[in-house]
Amino acid sequence: MQNVSNRTAVGGGAASSIVLPADAGVWCACSLMTAERTGSDAKPVAERVRGSSRLARRLNIGRRLIRWGQRKSPWILHFNTGACNACDIEIIAALTPRFDLERFGVLLKGTPRHCDVLVCSGPVTRQIRSRLVRIYEQIPEPKFVVAVGSCASTGGVCQGLYNVLGGIDRAIPVSAYIPGCPASPQAILDGFVKLLGTLKEGG
Amino acid sequence: MSEAEAVRAELEKRFPYLAGAVRVQRAKRLWVEVDQAHFAEVFEALSKKLGFTVLCTITGLDLGADLGFIYHLARPAGLMANVKTRAPKGKAIRSVSPLFPGGGIFERELIDLFGASVEGLPPGARYPLPDDWPEGEHPLLKDWQPTSAGTGEKGADRE
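Let me sum up the structure you'll find in this document. Worth saying up front: this structure is predicted, and the values here are computed from it rather than measured.

Some words on the overall build of chain A
Across its full length, chain A carries eight helices and nine strands. Residues classed as buried in chain A amount to 37% of the 203 residues present. The long-range fraction of contacts in chain A, counting pairs at least 24 apart against all pairs at least 6 apart in sequence, stands at 75%.

So, the overall build of chain B
Along its length, chain B carries three helices and seven strands. Secondary structure elements of chain B, listed N to C terminal, follow the sequence α-β-β-α-β-β-β-β-α-β. Its C-alpha atoms put chain B at 60 × 35 × 30 Å along the principal axes. Classification of the 159 residues of chain B by burial places 26% in the buried group.

Describing the sheet that holds strand 1 (residues 22-26) of chain B
Residues and elements named next belong to chain B. With mixed pairing, five strands are arranged side by side in an open sheet as 1-2-5-4-3. A strand with exactly one partner marks an edge of an open sheet, and here the two such strands are strand 1 and strand 3 (54-63). Averaged over neighbouring strand pairs, the angle between their axes works out to 20° when direction is ignored. Relative to strand 5 (residues 80-88), strand 2 (residues 29-33) is paired through five bridges, and the arrangement is parallel. Its bridge partner being in strand 5, glutamate 33 is matched across the sheet by lysine 84.

Looking at the nonpolar core
Counting 40 residues, the largest nonpolar core has Leu118(A), Val119(A), Cys120(A), Val146(A) and Val148(A) as the members making the most contacts within it. Those elements giving two or more residues to this core turn out to be strand 3 (75-80), helix 5 (86-95), strand 5 (117-121), helix 6 (129-138), strand 7 (144-148), helix 7 (150-154), strand 8 (164-166) and helix 8 (185-202) of chain A. It is strand 7 of chain A that contributes the most residues to this core, five residues altogether. Core analysis: the next-biggest nonpolar cluster, separate from the first, contains 28 residues, Val42(B), Leu55(B), Val83(B) and Ala116(B) among them.

Here's the deal with the sheet that holds strand 5 of chain A
Residues and elements named next belong to chain A. Here five strands make up an open sheet; going across it, the order is 4-3-5-7-9 and the pairing parallel. Two strands lie at the open edges of the sheet, namely strand 4 (107-108) and strand 9 (176-178), each paired on one side alone. Strand direction decides the pairing type here: strand 5 and strand 7, joined by five bridges, are parallel. Opposite leucine 118, over in strand 7, you have valine 145 as the bridge partner. Strand contacts of helix 5: strand 3, strand 4, strand 5 and strand 7, with the helix running at about 140° to strand 5, the strand carrying the most contacts.

Quick notes on the pairing of strand 4 (residues 66-74) of chain B
All names here are of chain B. A one-sided burial pattern is seen for strand 4, the buried positions being Leu67, Phe69, Tyr71 and Leu73 and the unburied ones Asp66, Gly68, Ile70, His72 and Ala74. Direction of pairing for strand 3 relative to strand 4: antiparallel, over a ladder of nine bridges. Across the sheet, residue aspartate 62 finds its bridge partner in strand 4, namely leucine 67. Remark: two residues form the turn of the hairpin made by strand 3 and strand 4, two consecutive strands paired antiparallel; glycine 64 in that turn has positive phi of roughly 85°. For strand 4 and strand 5, the ladder comprises nine bridges, and the chain directions are antiparallel. Bridge pairing in strand 5 links aspartate 66 to proline 88. Linking two consecutive strands that pair antiparallel, namely strand 4 and strand 5, is a turn of five residues; a positive phi of about 125° is found at glycine 78 within it.

Some details on unusual backbone geometry
Excluding glycine, residues mostly carry a negative phi; peptide bonds, for their part, are mostly trans. Note that the residue after Glu141(A), namely Pro142(A), is joined by a cis bond; omega there is -10°. Within the secondary structure, Pro142(A) sits in the loop between helix 6 and strand 7. In this structure, Pro128(B) follows Tyr127(B) across a cis peptide bond, with omega equal to 0°. Assignment of secondary structure puts Pro128(B) in the segment after strand 7 (118-119). Despite not being glycine, Asp100(A) shows a phi value in the positive range, around 60°. For Asp100(A), the location among the structural elements is in the loop between helix 5 and strand 4.

What about helix 2 (residues 36-49) of chain B?
All names here are of chain B. With 14 residues, helix 2 should reach 20 Å at 1.5 Å per residue; the first-to-last C-alpha distance of 20 Å fits that figure. For helix 2, the complete set of buried residues consists of Phe39, Val42, Phe43, Leu46 and Ser47. The buried side chains of helix 2 occupy one side of the element, clustering within an arc of 120° when seen end-on. Exposed side chains of helix 2 directed beyond 90 degrees from the buried face belong to Ala37, Glu41, Lys48 and Lys49. Check the buried side of helix 2 and you find it contacts strand 2, strand 4 and strand 5. A positive phi of about 85° marks glycine 51, the residue just after helix 2.

Definitions and limits used
Residues numbered from 1 in each chain as written. Chains lettered and ligands numbered in written order. Predicted model: local features only at pLDDT ≥ 70, side-chain atom pairs only at ≥ 80, totals over all residues. Helix = DSSP H or I, 4+ residues; strand = E, 2+ residues; numbered from the N terminus. Buried ≥ 20, exposed ≤ 12 C-beta atoms within 10 Å, placed from the backbone. Contact = placed C-beta atoms within 7 Å. Pairing = 2+ DSSP bridges. Axes fitted to C-alpha atoms, helices over the stretch in contact; angles between N-to-C directions. Core = buried A, V, L, I, M, F, W, Y, C linked by C-beta atoms within 7 Å. Expected span 1.5 Å × (residues − 1). Arc of directions from axis to C-beta.

This is the structure we're talking about:
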């Protein structure tokens, strides 16, 4: 039913991932739970979201189940690329019970190898750039990047500084931009729901 | 006589050339202007004899042909003595790290950001500019151009 293959992530170590056959029909609940966390899809994001025709999607139940899992429980990694800490405080506020991103299944993780979404705050400083790229490369596919706050989106007030490159998209591709200085928890919630909606459309 | 006035009187007594160069800005703020030749002895007297045991930070200034330095000294109770001095660009100043080991980090900042040269620093890595920063670029100098180091172009990430 499943092929288990090793995929080497940049930065050393091998992450085990389960590649599901395209025609996989029915699984037991147990293997589904494994698949939704570790299921890998090497296709680029754009293709995955817009790609296949409706008929193909219908046939491809296995993939749809994986999407369902990603949509229902995106695990995130929070990374400060040079922020003033205001956006970080708002991200924590969004995660904790008052605003409660967790009701959408969002869980904060401590390592890039376990996460689906990289949540970045702050402009990319010249010093952090290589670290950011290294962390991004350690995240298993499919991966998404959310830029939280004005600085992460465009460089914001830090634009033009001698030690700053600009927004997150100067270093890695970004899926969602959340404006605000700092971005309010409501805006972060909204951004996440929109990102999850994109995944749903691509279902 | 306030605490700051007392320090001014003491400084002028010890170093006659400081007459008129010490200014009491307000109750706990003292400014001392001293040239490079006399800086070391005034600085040592303040830190060793007059109880200014804290070096808060060092400010660097680009004054055209010269570089300015302001050493912000303080007594633990809150009286601050700001010692101003200046040296021509390219001329080395003496490190204060024998008196304040932690002051070395401020002097490394002066070296990176202003291109100052400092004698007597213990060996160590440069600080605080990024690792891939090009040699000879000192971003806090007035005539430094943002694009000359390849970063900081305003709006460069937006067409």
